[in-house]
Amino acid sequence: MQLLFSYGTLQQLDVQFANFGRKLNGNQDELVGFKQVMLEIKDPEVIRLSGKTHHPIVKQTGNREDRVKGTAFEVTEKELLSADEYEVEDYKRVLAPLASGQNAWVYIDAS
């Protein structure tokens, strides 16, 4: 199992069932060294699944005081690839530190 940190729509049960076919198991945590902003989504399928036209996105600041609250979910490699397909091109997946001391995959601003 791998950890996937979500601060947005991947925390929604309907999005989890649509992408993974199950409810994910996870724990509350914080992403360290990032700040959160909102991104307008244009992909109609992502809007349909999430029910939202704007999704949160995080940008790396490098400041350990900047934190983003969310959930670290346990996912399989196959589920991680499904999450890659769900996320639009504005996001890229990176390995990042969490407040718990663990590292998790997270989708951040691709620009």
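Not measured: the values here are computed from a predicted model. Residue numbering note: each chain is counted from 1, following its sequence as written. Residues qualify for local features only when their pLDDT is at least 70, as the model is predicted, and side-chain atom pairs are given and counted only at 80 or more; totals for whole chains, interfaces and linings, by contrast, use all residues. In computing side-chain values, all of the structure's heavy atoms are included and hydrogens and water are not.

Colleague: Which parts of the structure should I look at to understand the overall build of the protein chain?
Modeller: Where helices and strands are cited, they refer to DSSP runs of H or I of at least four residues and of E of at least two residues respectively, numbered from the N terminus. A tally of regular secondary structure across the protein chain gives 3 helices and 7 strands. Going from the N terminus to the C terminus, the protein chain shows its helices and strands as β-α-β-β-α-β-β-α-β-β. Atoms considered for the radius of gyration are the C-alpha atoms alone. The globule rule reads 2.2 Å times the number of residues to the power 0.38. Here the C-alpha radius of gyration of the protein chain, 13 Å, is about what a compact globule of 111 residues would show, namely 13 Å. Accessible area is worked out with a 1.4 Å probe on protein chains only. A residue is then buried under 20% of its type maximum, exposed over 50%, and partly exposed in between. Relative to its full complement of 111 residues, the protein chain shows a buried share of 43%. Considering only contacts in the protein chain between residues 6 or more positions apart, those separated by 24 or more positions represent 72%. Only carbon and sulfur atoms are counted for the fraction: they give 47% of the accessible area of the protein chain, which is about 6,200 Å². Note that His is not counted, nor are the chain ends; the positive residues are Lys and Arg, and the negative ones are Asp and Glu. Here the site of a charge means atom NZ of a Lys, CZ of an Arg, CG of an Asp or CD of a Glu. Counting 13 positive and 17 negative side-chain charges, the protein chain places the averaged centre of each group 3 Å from the other. Whether two residues are in contact is decided by their heavy atoms, any of which lying within 4.5 Å being enough. To be clear on the numbers: accessible area is Shrake-Rupley with a 1.4 Å probe, and residue cover counts the displayed protein chains and nothing else.

Colleague: I would appreciate a short explanation of the side chain of Asn-19 in the present structure.
Modeller: Topologically, Asn-19 is positioned in helix H1 (residues 13-20). When its relative accessible area of 16% is taken as the criterion, Asn-19 is described as buried. Asn-19 has contacts with Leu-49, Ser-82 and Tyr-86, leaving out every residue within four places of it along the chain.

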